[in-house]
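# Remarks on the overall topology
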Amino acid sequence: MSATPDDTKDNAEEHAFRLRAREWLRTHLPPRRLQDEPMMDWADKALIARDRESQRALWEGGLAGITLPREYGGLGLDRRYADIYYEEAQPYRLPWHFGNAFNIVLPTLLAHGSEELKRRYVPAILRGEHLWCQLLSEPSGGSDLAGLTTRAELRGDHWLLNGSKVWTTGGLDCDMGICLARTDPTVPKHAGLTMFLVDMTSPGLAINPIKLISGTVDFCQEFFDDVAVPADHVLGEVGGGWAVASTQLGAEKASMARGWYEGLAAAVESDEIELKDEYGRMARSLGVHEDPRARQLIGEAFVLDAVHTLTTRRVSAGIRNGALPPTAGTLSSLLVALCDVRRSALLSGISGPAGVAAKPGEEGLQWGMTRVTRHRIGGGTTEMQRNGVAERHLGLPRDEADIADRTVPFNRRKVNPDRAQ
Amino acid sequence: MLQDATRRYLEARAPVTYLRQLVEAQTPMPDIAWREGAGQGWLAPFVPESLGGMAESAQGAIDAAIVAEEMGRVVYPGHYLPNSVLAFAIAQWGSQAQRETLLPALAAGEQRGAWCFAAPGVDSGTAPDGVRLERSGGQITLRGVAANVQSAPDADLLLVTATDGEGVTQLLLPAATAGIEVRALDTLDLGRRLADVEFRDVSVTADAVLGAHGAAADCFEQQLQLALVLHCAETVGVIDRALEFTLDYVQQRYAFGRPIGSFQALKHRLADHAAQHEGGKALVARAAKAVQEQAADAAVAVSIAKSHCGRWATEIIRDCLHMHGGIGMTWEHDIQFYLRRAVSNEALWGSPAVHHERLCRLAGL
């Protein structure tokens, strides 16, 4: 996987940290099962349990929250130590089911949380006690996030939440959720939202898994029936939920750009292009490797892979060093989605009839219909990404209907007349 | 800095209106204009300091790609690509005499070169399959046709890559050598002159050989890689400028009481174009670096860039024309020059299909 970490730039303290991390990781963390080990698999309960144990062990071993402030349980070290840790952690399975908690919830909590919430929930993540999910999308709509209808009403010392959330990654297994709900329907849609921290074991909260076309059950739908949330479990201001959600979505995008969880991203240092064996193996196993039509598609697949990797890398480097504006991130997310869509078509094209009808036990069907949901819809539809590129990066004007929808009080916006109450 | 200086020069001395003047007057770019451009030091990254260049301090392919991209933005009608390849090849593999006589003249734009290698046909552009060579004693005879040779109608000097049973050999000879016929072609790209160059029993002596006889396969590949980097960088510049003025246009043009750029039907297409264009920039940056460093992925990187840039330039600029509506279809609008170059660049130096096949072979498939 990765070469021996480069420790020549370490100073004495860094080097001591490196050696301690190296030895600790070797004796405490499980090796990666596969080179391309899935970071998260919410159907694999044993893996989830093992990740909880690993995170707990990291805490006990003094390797959790390397760059986080000491008052919240972190080590308070600078970025360089985290890099050293991730370099040394390359051969091991890191507790990736905590990815949402670390990548998305933690930065959001630190940016918007009250002192009390930070002191309570940040260390709980570091100790491996809380897996977190995001309760954002709703059955009534995912793209128009600010148009959500789950409502929260203040009743004395607690809020009561009613409504439904959907597309929650790992909802059944998470301990806590960060939940956006409407607290004031009389103001324009973005202004009436508030972010809550919700205990996923609360009474009145029903969680149902959703089985996808692929057969996987990573997502859930939740139903809130008078779910009580303590009044102090508001993240940011009441009515200030959109700002919190923006931090949260920004953190999600940023983590996706750096390879979701840093332990994986660090593996790709070189910018050299490698042609994957995968397509050749596939073509040979299907017997189409000499077919000129298949070779055209394979050639294009090589191009797509390189576009995907190099653009993501160049854009994030460009944003970091100021050569590109932060909005350029929208370009690489859209491009990744476009590449993914095209790659699915190429794979089914290369496999041809073998992708739709295979002899029992033989390869083929896995290529006929790949990743149908992944990038066109998940993590923001390509349409939303296109709006992002056009409006935020290219500076094109917003659509008039969109402007109207953003400025009218939520309870007076246009709705489907057949559904109006 | 190099980018700014090049842009300033080209916008002042060779904006797209200059190309239009040449086209209207039905005249090729005059020699003096190329000499002035070359005088900017465009070929210096390939020429050693001892001969007036700056190869030692410059980053050959990387710097040249920056210049080429700027040329794309104005659809420059000059002879940058072939002369860069010749300067590079002579500096790398030339004898002392070849270097001393030819490099300063090329760098000053006093001599102009063209590179002959590819046979005609749909697969043309990436292999030295156009010219055969026969050696007997000290005499060498060339036969065959090199197709679509860029700038050949304007060239004084030809670099010929030919093959025989011993392998690949390169030669440098005056375009006026007996037996060479340069047949200019009608070109879709109005800013570029191409020709088929026929070699009819062209007889030369061994001192015309560049490098060693039969040992130039790798030299050919390196030249091809450099040419592809420059070609793709130019294509990126073409897209860059076309997208720029199309974005301006859709914000200024109103229909149904609002700028047409506020309609999602256009916005979404422009977003896709911007994303693919960013992809092209990333690929060209990698290709230039890989070629300059002679990295292991250089051959792969240039083919990937060529496939992507070729395909998307055409797609994007065709759609930019569409977004201009009626005015985009008229002779008076400059977008035609951009589209013409984009379509030409997709087809020449190996179409995307040719490079897809090349990638399969490079992958051992």
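Residues numbered from 1 in each chain as written. Chains lettered and ligands numbered in written order. Predicted model: local features only at pLDDT ≥ 70, side-chain atom pairs only at ≥ 80, totals over all residues. Heavy atoms only, no water.

## Thoughts on the overall build of chain B
Stated precisely, the cut-off is as follows: Starting at the N terminus, helices and strands are each numbered in turn, a helix being any DSSP run of H or I of at least four residues and a strand any DSSP run of E of at least two. Using C-alpha atoms as the atom set, the radius of gyration is obtained and then compared with a globule rule of 2.2 Å times the number of residues to the power 0.38. Three exposure classes are used, based on accessible area relative to the maximum for each residue type with a 1.4 Å probe and protein chains only: buried under 20%, partly exposed in between, and exposed over 50%. In what follows, residue pairs with any heavy atoms lying within 4.5 Å of each other are defined as contacts. Throughout, the Shrake-Rupley method with a 1.4 Å probe supplies accessible areas, and for residues the shown protein chains are the sole cover considered. Charge counting treats Lys and Arg as positive and Asp and Glu as negative, with His and both chain ends excluded. Every charge is mapped onto a representative atom, which is NZ of Lys, CZ of Arg, CG of Asp or CD of Glu.
Secondary structure summary: chain B contains 11 helices and 10 strands in total. Against the compact-globule benchmark of 21 Å for 365 residues, chain B has a radius of gyration of 21 Å, which places it among compact chains. Its C-alpha atoms put chain B at 80 × 50 × 40 Å along the principal axes. Looking at chain B as a whole, 61% of its 365 residues are labelled buried. Sequence-distant contacts in chain B: of pairs separated by 6 or more residues, those separated by 24 or more amount to 74%. Accessible area for chain B stands at about 13700 Å²; split by element, carbon and sulfur atoms hold 51% of it. For chain B, the distance from the average site of its 30 positive side-chain charges to the average site of its 42 negative ones is 5 Å.

## So, the overall build of chain A
When you go through chain A residue by residue, the secondary structure sums to 13 helices and eight strands. The C-alpha extent of chain A, read off along each of the three principal axes, is 70 × 60 × 50 Å. Across the 421 residues in chain A, those meeting the buried criterion constitute 47%. In the form shown here, chain A has an accessible surface area of approximately 20200 Å², with 54% of it arising from carbon and sulfur atoms. Averaging the coordinates of the 49 positive side-chain charges in chain A and doing the same for the 57 negative ones gives two points 3 Å apart.

## Let's talk about the pairing of strand S4 (residues 157-164) of chain B
Residues and elements named next belong to chain B. Worth spelling out the cut-off: A pair of strands counts as paired when DSSP detects no fewer than two bridges linking them.
For S4, a buried count of eight out of eight residues is recorded, marking the element as mostly surrounded by other parts of the structure. Across the two faces of S4 the burial is the same, with Leu-157, Leu-159, Thr-161 and Thr-163 and Leu-158, Val-160, Ala-162 and Asp-164 all buried. Direction of pairing for strand S1 (residues 113-116) relative to S4: parallel, over a ladder of four bridges. Pairing of Ala-114 across the sheet is with Leu-158, part of S4. Two elements, S4 and strand S5 (residues 167-174), share eight bridges in a ladder whose sense is antiparallel. Directly across from Leu-159, in S5, lies its bridge partner Leu-172. Joining the antiparallel neighbours S4 and S5 is a turn of two residues.

## Describing the interface of chain B and chain A
Heads up, the condition is: Once two parts are brought into contact, the accessible area they lose, counted with a 1.4 Å probe and summed over both, makes up the buried area. Basic side-chain nitrogens of Lys or Arg form a salt bridge, by our definition, when they fall within 4 Å of a carboxyl oxygen of Asp or Glu. For the purposes of these results, a polar contact is taken to be a pair of N or O atoms within 3.5 Å, where, inside protein, one atom must be able to donate a hydrogen and its partner to accept one; residues adjacent in sequence count only when each atom of the pair is a side-chain atom.
At the junction of the two partners, chain B supplies 43 residues and chain A supplies 38 residues. For the chain B and chain A pair, buried surface summed over both sides reaches about 3600 Å², with 65% attributable to carbon and sulfur atoms. When the buried area of chain B at its contact with chain A is split by residue, Lys267(B), Glu278(B) and Leu365(B) rank highest and sum to 18% of it. Counting the contacts that link chain B with chain A gives eight salt bridges. For the salt bridge of Arg314(A) with Glu278(B), the shortest nitrogen-to-oxygen distance reads 3.3 Å. Across the contact surface, chain B and chain A share 16 residue pairs in polar contact (both at pLDDT 80 or more). Elements represented by at least two residues in the side of chain B that touches chain A include exactly helix H7 (217-252), strand S10 (258-259), helix H8 (264-292), helix H9 (298-323) and helix H11 (352-362) of chain B. Ranked by residue count, the leading element in the side of chain B that touches chain A is H8(B), at 17 residues.

## Notes on the pattern of salt bridges
If the charged atoms of two oppositely charged side chains come close together, the side chains can form a pair. Throughout the structure, instances matching the rule amount to 65 salt bridges over all chains. With a shortest N-O distance of 2.8 Å, Glu244(B) and Arg241(B) are connected by a salt bridge. Of this pair, Glu244(B) and Arg241(B) are both found in helix H7, three residues apart, which corresponds to roughly one turn of the helix. When its relative accessible area of 32% is taken as the criterion, Glu244(B) is described as partly exposed. Under the relative-accessibility criterion, Arg241(B) is labelled partly exposed at 25%. In the salt-bridge network here, residues are joined through shared partners; they are Asp10(A), Glu14(A), Arg18(A), Arg22(A), Arg80(A), Glu87(A) and Glu88(A).

## Section: helix H2 (residues 16-25) of chain B
Every α-helix carries 3.6 residues per turn, so stepping three or four residues along brings you back to the same face. Residues and elements named next belong to chain B. Listed in full, the buried residues belonging to H2 are Val-16, Tyr-18, Leu-19, Arg-20, Leu-22 and Val-23. Where H2 is buried, its residues meet helix H1 (2-13), helix H3 (31-38) and helix H10 (335-347). Looking one or two residues beyond H2, the residue adopting positive phi is Gln-26, at roughly 50°.

## A closer look at unusual backbone geometry
Excluding glycine, residues mostly have negative phi values, and the peptide bonds linking residues are mostly trans. Residue and element names in this part refer to chain B. At Asn-148, a residue that is not glycine, the phi angle is positive and equals roughly 50°. One non-glycine residue, Trp-349, lies in the positive phi region at around 55°. One can find Trp-349 in the loop between H10 and H11.

## Some words on the nonpolar core
Basically, it comes down to this: Nine residue types can take part in a nonpolar core, namely buried Ala, Val, Leu, Ile, Met, Phe, Trp, Tyr and Cys, and a core is a set of them joined through side-chain atoms within 4.5 Å.
With 136 residues, the main nonpolar core has Trp42(B), Tyr76(B), Tyr80(B), Trp115(B), Ile304(B), Ile317(B) and Trp349(B) as its most contacted residues. No other element matches the 19 residues that H7(B) contributes to this core. Filtering out sequence-adjacent residues up to four positions away, Tyr76(B) remains in contact with Leu10(B), Ala14(B), Met29(B), Ala33(B), Trp34(B), Gly37(B), Trp42(B), Met71(B), Gly191(B), Arg192(B) and Arg341(B). Judged by nonpolar contacts, the second largest core, of 68 residues, contains Leu29(A), Ile84(A), Val122(A) and Leu145(A).

## Concerning the packing of helix H5 (residues 80-93) of chain B against H7(B)
All names here are of chain B. Definition in use: Axis definition: a line fitted to C-alpha atoms, limited for helices to the stretch in contact. Angles are taken between N-to-C directions and run from 0 to 180 degrees. Note on convention: near helix rotated counterclockwise from far helix by under a right angle means a left-handed crossing. Clockwise means right-handed. Three classes are used, and their members are as follows: Ala, Val, Leu, Ile, Met, Phe, Trp, Tyr, Cys and Pro are nonpolar, Asp, Glu, Lys and Arg are charged, and the others, Gly among them, are polar.
Running from N to C, H5 and H7 cross one another at 150°; their axes reach a closest spacing of 10 Å. Here H5 runs over H7; the crossing is right-handed. Only Cys-219, Gln-222, Gln-223, Leu-226, Ala-227, Leu-230 and His-231 of H7 make contact with H5, whose side of the interface consists of Tyr-80, Leu-81, Ser-84, Val-85, Phe-88, Ala-89 and Trp-93. Its residues assigned to classes, the contact of H5 with H7 shows 10 nonpolar, four polar and no charged.

## Focus: the confidence of the model for chain A
The criterion, for reference: Per residue, pLDDT measures the predictor's confidence, with a range of 0 to 100.
Scored by pLDDT, chain A has a mean of 89; 92% of the residues are at 70 or more. Throughout residues 263-268 of chain A the model reports pLDDT below 50, and contacts reaching past four residues in sequence, or to other chains, amount to 13 contacts.

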